[in-house]
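Chain by chain, the residues run as shown.
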2 protein chains.
Amino acid sequence: MKINIIGRGNVATHLVKAFQGKVEIFQVNPHSLENLNPEVDITLISVSDSAIAEVVAKLPPLSGIVAHTSGSTPISIFEGKVKERYGVFYPLQTFSKNKKLEYNKIPFYIEGSDKETAQKLFNAASLISSNVRMADSEQRKRLHIASVLSCNFVNHLWALSDTYLAEGGLDFNDLIPLLSETMNKVKTLRPKEAQTGPAVRGDRNIIESHLSQLENKQDLRNIYAILSDSILRMYWK
Amino acid sequence: MKINIIGRGNVATHLVKAFQGKVEIFQVNPHSLENLNPEVDITLISVSDSAIAEVVAKLPPLSGIVAHTSGSTPISIFEGKVKERYGVFYPLQTFSKNKKLEYNKIPFYIEGSDKETAQKLFNAASLISSNVRMADSEQRKRLHIASVLSCNFVNHLWALSDTYLAEGGLDFNDLIPLLSETMNKVKTLRPKEAQTGPAVRGDRNIIESHLSQLENKQDLRNIYAILSDSILRMYWK
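No experiment lies behind these values; they were computed from the predicted model shown.

## Some words on the overall build of chain A
- Assigned secondary structure in chain A consists of eight helices and seven strands.
- In terms of overall dimensions, chain A has a C-alpha envelope of 70 × 40 × 30 Å along the principal axes.
- Here chain A holds 237 residues, and the buried ones make up 53% of them.
- Counting only contacts in chain A whose residues sit at least 6 apart along the sequence, the fraction spanning at least 24 positions is 53%.
- Element-wise, carbon and sulfur atoms account for 48% of the exposed surface of chain A, whose accessible area totals about 10,800 Å².

Set out below in structure tokens:
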């Protein structure tokens, strides 16, 4: 199999490494599209979301499938721009350039303009990972929203805790063993079963006491109230 | 040093293990307080929060210090009930009975009815852990609120993501490599510096698109809106 990878960023770099020894790889700078090998099975566009449309518009004629690697870009970006076969080849992981990754465990989400195209992209991803799934653009959007909830918002709760603890002369690092334990639990239990804390116990006295402690911190207080209510609704109605 | 530990639960069991070989330990069932050794340096009450007051009321006369191990119980629970010296000896960790723990890394928070008492409790905790701090009841409350934000609410966001992904035929387990990465980052960066996602980038188009995707999920939509606003306020005002 022959694969072009357009891009020099973190995802492109890791894909090149992951495919090494398994397929013939041609990595091309997005500003030198004239250097693309036109005779390949798959051309992967692995550039920033905002640059995908421009690369698509400038693609020379290519045989094979064209696919992008973005979680938040719909497959429709190719419509009318790429003749015939195109798709999405999306690895769900944060990539830092110098970090070693177990590629075999990275989930890949595949979409194709037709069944055969999807199957070929699926097969290519299966050379790298044992966790490859079909997912349409709607499902990728759902994955993106879930990542915002599960990673971005989680980190923000930690940032708010850091500030709040520092104001009391306390150190957020002391919480890290607890965070690790919270994280470890969801590796074996579903999060709904792993829930602890005052709200899941229905302990409204503690909730009220915490809310009154946060009286002059409007932002924290709102977040505390809305998340406690959400837990109470999940377990107590 | 001689220490009584009242309780048979997870915290009591781990404290007995942690003190093993370092002090003389007497573990006593809370229903057999008549078996307490009256001649000890410290008596630790390590029972459920709601049972502490009852144990305190039934304590026989003891020499030495009496302390409880609860994060959310103020030191004032001893006032007028225990003569002279009392305090709090609070290890910040979730304890499961059969799990091995590195006791040396568990943060201990100490409070005492007077300076000398606090110092003695501090010294006892230092036999177990290299991370012992003084903290008054106000600071312990702050720690408790921060734990709710950083662990309980975080787990709830994962539970909401799990449900939302399952509705779309997707698997929460696919997110676990991303969660681990999010967790690993705050071991070396402060969470405020580790923040990623649409809100910290100020990408209001993505935020709006996600909110409209969540239109008929009032609970998720509110949480998404309030946490995105909080991130926008932290970085963009």
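## Some details on the sheet that holds strand β7 (residues 132-134) of chain A
Residues and elements named next belong to chain A.
- The strand order across the open sheet built from seven strands is β2-β1-β3-β4-β5-β6-β7, with neighbouring strands paired in mixed fashion. For this open sheet the edge positions go to β2 (24-28) and β7, each flanked by a neighbour on one side alone. Adjacent strand axes in the sheet meet at a mean angle of 25 degrees when their direction is disregarded.
- With four bridges joining them, strand β3 (residues 42-45) and strand β4 (residues 65-68) adopt parallel strand pairing. The residue of β4 that forms the bridge with Ile-42 is Ile-65.
- Sitting on the sheet, helix α3 (residues 115-128) touches β3, β4, β5 (86-91), β6 (108-112) and β7, and the angle it makes with β6 is about 160 degrees.

## Quick word on the interface of chain A and chain B
- Counting residues at the interface gives 78 residues for chain A and 78 residues for chain B.
- Broken down residue by residue, the surface that chain A buries against chain B is led by Arg142(A), Phe153(A) and Asp174(A), which jointly contribute 9%.
- Across the chain A-chain B interface, the total number found is 10 salt bridges.
- Where Arg190(B) meets Asp162(A), a salt bridge forms, and the shortest distance between an N and an O atom there is 2.8 Å.
- The interface formed by chain A and chain B holds 40 residue pairs in polar contact (both at pLDDT 80 or more) in total.
- Within the residue set of the side of chain A that touches chain B, elements represented by two or more residues are α4 (137-167), α5 (176-185), α6 (191-194), α7 (204-213) and α8 (218-236) of chain A.
- When residues of the side of chain A that touches chain B are assigned to their parent elements, the largest contribution, 27 residues, is made by α4(A).
- Residues that form the side of chain A that touches chain B fall into these classes: 38 nonpolar, 25 polar and 15 charged.

## Regarding the packing of α7(A) against α8(A)
Residue and element names in this part refer to chain A.
- Contact geometry of α7 with α8 gives a least axis separation of 10 Å together with a crossing angle of 165 degrees. What the angle tells us is that α7 and α8 run roughly antiparallel. In this structure, α7 meets α8 at a crossing whose hand is left-handed. On α8, the residues that touch Arg-204, Ile-207, His-210 and Leu-211 of α7 are Arg-221, Tyr-224, Ala-225, Ser-228 and Leu-232.

## What about the nonpolar core?
- Residues Ile45(A), Leu157(A), Ile45(B), Leu157(B) and Leu179(B) are the most contacted members of the largest nonpolar core, which totals 108 residues.
- Beyond its immediate sequence surroundings of up to four residues, Leu157(A) is in contact with Ile223(A), Leu227(A), Leu149(B), Ser150(B), Phe153(B), Val154(B), Leu157(B) and Leu227(B).
- Residues Leu15(B), Ala18(B), Val23(B) and Ala124(B) belong to the second largest nonpolar core, which totals 25 residues.

## Looking at the pattern of salt bridges
- Enumeration according to the criterion identifies 22 salt bridges over all chains in this entry.
- Among the salt bridges present, the one from Arg133(A) reaches Asp174(B), with a minimum N-O distance of 2.6 Å. With Arg133(A) in strand β7 and Asp174(B) in the loop between α4 (137-167) and α5 (176-185), the pair connects residues from two separate chains.
- Where Asp219(A) meets Arg233(B), a salt bridge forms, and the shortest distance between an N and an O atom there is 2.5 Å.

## What to know about the relation of the copies chain A and chain B
- With an RMSD of 0.0 Å, the fit of chain A onto chain B corresponds to turning through 180 degrees and sliding 0.0 Å along the axis. Both copies of the chain, as the preceding transformation shows, are related through a two-fold rotation axis. Among all residues of chain A, the one whose C-alpha sits closest to the rotation axis is Val154(A), at a distance of 2.7 Å.

## Thoughts on the sheet that holds strand β1 (residues 2-6) of chain B
All names here are of chain B.
- Sheet architecture is open: seven strands sit in the order β2-β1-β3-β4-β5-β6-β7, paired in mixed fashion. The two strands at the open ends of the sheet, each matched to only one other strand, are β2 (24-28) and β7 (132-134). When the angles between neighbouring strand axes are averaged without regard to direction, this sheet yields 25 degrees.
- In this structure, β1 lies alongside strand β3 (residues 42-45), joined through four bridges in parallel fashion.

## Describing the environment of Phe122(B)
Residues and elements named next belong to chain B.
- Within the element layout of this structure, Phe-122 appears in helix α3 (residues 115-126).
- With relative accessibility at 22%, the residue Phe-122 sits in the partly exposed group.
- Along the backbone, Phe-122 and Glu-111 are 11 residues apart, and their C-alpha atoms lie at a distance of 8.5 Å.
- Leave out the neighbours within four places in its chain, and Phe-122 touches Ile-110, Val-132, Arg-133 and Met-134.

Parameters at a glance
Along every chain, residues carry numbers that run from 1 in the direction the sequence is written. Written order decides the labels, with chains lettered from A and ligands numbered from 1. Only residues with pLDDT of at least 70 are given local features in this predicted model, and only at 80 or more are side-chain atom pairs given and counted; all residues enter the totals for whole chains, interfaces and linings. Calculated side-chain values reflect all of the structure's heavy atoms, with hydrogen atoms and water omitted. The secondary structure listing takes helices from DSSP runs of H or I that are at least 4 residues long and strands from runs of E that are at least 2 residues long, numbered from the N terminus. Accessible area is worked out with a 1.4 Å probe on protein chains only. A residue is then buried under 20% of its type maximum, exposed over 50%, and partly exposed in between. Whether two residues touch is decided by their heavy atoms; if any such pair falls within 4.5 Å, the residues are in contact. To measure how exposed things are, a 1.4 Å probe is used in the Shrake-Rupley method; for residues, cover is taken only from the protein chains shown. For two strands to be treated as a pair, DSSP must find at least two bridges joining them. What counts as an axis is a line fitted to C-alpha atoms, over the stretch in contact for a helix, and the angles between N-to-C directions run from 0 to 180 degrees. Using a 1.4 Å probe, buried area is obtained as the accessible area two parts lose upon being combined, added over both of them. Whenever Lys or Arg places a side-chain nitrogen within 4 Å of a carboxyl oxygen from Asp or Glu, that contact is recorded as a salt bridge. We call two N or O atoms a polar contact when they sit within 3.5 Å, provided that within protein one can donate a hydrogen and the other can accept it, with sequence-adjacent residues counted only if both atoms are side-chain atoms. Following the grouping adopted for this structure description, the nonpolar residues are Ala, Val, Leu, Ile, Met, Phe, Trp, Tyr, Cys and Pro, the charged ones are Asp, Glu, Lys and Arg, and the polar ones are all others, Gly among them. Reported orientations rely on four angle classes, namely roughly parallel under 35 degrees, roughly antiparallel over 145, roughly perpendicular from 65 to 115, and oblique for the rest. Each crossing gets its handedness from the near helix: less than a right angle anticlockwise from the far helix is left-handed, clockwise is right-handed. What makes a nonpolar core is a set of buried Ala, Val, Leu, Ile, Met, Phe, Trp, Tyr and Cys residues whose side-chain atoms join them at distances within 4.5 Å. Only residues with pLDDT of at least 70 in both copies contribute their C-alpha atoms to the least-squares superposition of the copies.

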